Amino acid sequence: MASRSPLVCASNCLQNILFRDAFTISRVLTCYQPVRYRKRSSRHPEWFVRRRVKSFDEGLTQENKQFIKDLTVEQYKNKPSPLKEEPLERGEWDLRTRRTGVLALKIGVIPQWRKDGTKIETTLLQIIDNHVIRYSPPEKFAQSAGWKPWWGRKYGSVVVGALSCEPHLFSKEYNNLFTEAGVPPKRKMTRFLVSPNAAIQPGLPLTAMHFRVGDYIDAQAKTIDYGFQGVVKRHGMKGGPASHGGTKWHRRMGGTGGGGNMAGIWKGKKMPGHMGADWNFAKGLRILRINTKYNVLYVTGTTPGGNHCYVRIMDTCLPNRRREIQNEPPMPTFYPEDVTDQIQEEYIDETLFDFKEPSIEYIDEESNK
């Protein structure tokens, strides 16, 4: 591996964002040979910057805390933002366009009813305080540390942050990541691959209007962490007999290896182990309802993860679902100036029953005579 200067960190984001054009970083060499087992590690890559401060004294009075909040608001109110410059050129949408996604919180699952009385389960996803932190074009993204060769050079990257926080809660290196966008530090960040025609300017807010009622999305989140589990719970195996000779074999897996030339335990054998805490996709979910006041999406089905977990939402990659889109979505995201009418508080699918409308009508026969 080539040696690097001590002033340069192995990241797409340098320690001082003002020097981002002064250095070039070689991609970290990694073995991309596929393996059959799953990687079980919670360790961040080496190019992640330190996020939290080592120690922080919270011995502050209520007046001190309010002063820090007011100072933070005043600081970011007057900070130069890239939105004050000329915006990027907006491209046109086609079936191969890949827009940026958003980062939402899973609120829970509630039922909804269609007009014919059919009951369906919907998941509530709330988009809270999303901003674009950085956009990297394909040629620059291919030189970053987190780039994978199977992505090719046809996609750029967009970093999206959610839930603004106070700067004194994070390290200096982490706060410098948000200098380019001119927004406060975010509690959570993620990255989306985008096509060049969906380039988006840093500092833009992302709301629930990024999608429309009737669109199909893909939701990605970490599944619920169950820890170490046996084969009955982890893989749904039957286990041994409950009686008639079943001594201490009620929840065991049985034989593990084969005989003959293939003797031994095969790779990929389902055995006890860690269950959950894996990234999982739920594809082809349809948006049935959008609440613009609280930025909540009502999507069909359920998404991975428990309540209050982070969910990555993006346009679906299923080709048949993408062909069902009648009108092109907002490119690269929703702009309030593009709407001539007043934005409604809720947008409901035409097949969904609106409880604001009457369900039963009583007609007075005498008044009609």
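In this text, all values refer to a predicted model and were calculated from it rather than measured experimentally.

Visitor: Whenever I open this one, the nonpolar core confuses me. Can you help?
Guide: Nonpolar side chains in soluble globular proteins tend to be buried together. If you look at the biggest cluster of nonpolar residues, it comprises 30 residues, and the most contacted ones within it are L297 and I313. Residue assignment for this core shows that the elements contributing at least two residues are β1 (102-113), β3 (130-136), β4 (156-164), β5 (186-194), β7 (216-222), β10 (279-291), β11 (296-300) and β12 (310-315). At four residues, β10 tops the list of elements feeding residues into this core.

Visitor: Sorry if this is basic, but what is going on with the environment of N197 here?
Guide: Structurally, the position occupied by N197 is in the loop between β5 and β6 (205-206). For the pair N197 and P332, spaced 135 residues apart in sequence, the C-alpha separation works out to 8.0 Å. In contact with N197, other than residues within four places in its own chain, are G91, E92, D94, T97 and M331. Side-chain polar atoms of N197 contact the backbone oxygen of E92, separated by 3.0 Å.

Visitor: It is not clear to me how the pattern of salt bridges should be interpreted in this structure. Could you clarify?
Guide: Side-chain pairing between opposite charges can occur once the charged atoms of the two side chains come close. Inspection of every chain in the model, using the stated rule, returns nine salt bridges. A salt bridge links D315 to R99; the nearest nitrogen and oxygen atoms lie 2.8 Å apart. With a gap of 216 residues between them, D315 in strand β12 and R99 in the loop between α1 (62-77) and β1 connect regions that are remote in the sequence. Between E180 and R134 there is a salt bridge; the shortest N-O distance is 3.0 Å. Of this pair, E180 sits in the loop between α3 (172-175) and β5 while R134 sits in strand β3, and the two are 46 residues apart along the sequence. E180 sits in the partly exposed class, given a relative accessible area of 21%. On the basis of relative accessible area, R134 is assigned to the buried category, the value being 6%.

Visitor: What exactly am I supposed to notice about unusual backbone geometry here?
Guide: Backbone geometry follows two general trends: most residues other than glycine have a negative phi, and most peptide bonds adopt the trans configuration. Across the junction of M331 and P332, the peptide omega takes the value -15°, indicating a cis bond. Turning to its location among the elements, P332 is positioned in the loop between α5 (319-323) and β13 (346-348). For K248, which is not glycine, the phi dihedral falls at a positive 55°. Mapped onto the fold, K248 is located in the loop between α4 (231-235) and β9 (273-275).

Visitor: What is the right way to look at the sheet that holds β3 in this model?
Guide: Sheet strands associate in pairs through backbone hydrogen bonding, adopting either a parallel or an antiparallel arrangement. With respect to topology, four strands assemble into an open sheet ordered β5-β4-β3-β6, the strand pairing being antiparallel. At either margin of the open sheet sits one strand with a lone partner, and together these are β5 and β6.

Visitor: Help me understand the packing of aromatic side chains in this model?
Guide: Centre-to-centre distance and the angle between the planes together describe a pair of aromatic rings. One pass over the full model with this rule turns up five aromatic pairs. Centre to centre, the rings of F141 and W151 are 5.7 Å apart; their planes meet at 15°, and the pair counts as stacked. With F141 in helix α2 (residues 138-141) and W151 in the loop between α2 and β4, the pair connects residues that are ten residues apart, well separated along the chain. By relative accessible area, F141 is classed as buried at 1%. Among the aromatic residues, ring-to-ring pairing joins W113, F353 and F355 into one connected group. When the ring centre of W147 is taken as origin, the NZ or CZ atom of R153, which lies over that ring, is 5.5 Å away. Above the ring of F281, the side-chain terminus of K283 is found at 5.4 Å from the ring centroid.

Calculation notes
- Residues numbered from 1 in each chain as written.
- Predicted model: local features only at pLDDT ≥ 70, side-chain atom pairs only at ≥ 80, totals over all residues.
- Heavy atoms only, no water.
- Core = buried A, V, L, I, M, F, W, Y, C linked by side-chain atoms within 4.5 Å.
- Buried < 20%, exposed > 50% of the residue type's maximum accessible area, 1.4 Å probe, protein only.
- Helix = DSSP H or I, 4+ residues; strand = E, 2+ residues; numbered from the N terminus.
- Contact = heavy atoms within 4.5 Å.
- Polar contact = N/O pair within 3.5 Å; in protein donor to acceptor, adjacent residues only side chain to side chain.
- Salt bridge = Lys/Arg side-chain N within 4 Å of Asp/Glu carboxyl O.
- Pairing = 2+ DSSP bridges.
- Phe/Tyr/Trp six-rings, centres within 6.5 Å; stacked < 30°, edge-to-face > 60°.
- Lys NZ or Arg CZ within 6 Å of the ring centre and 35° of its normal.

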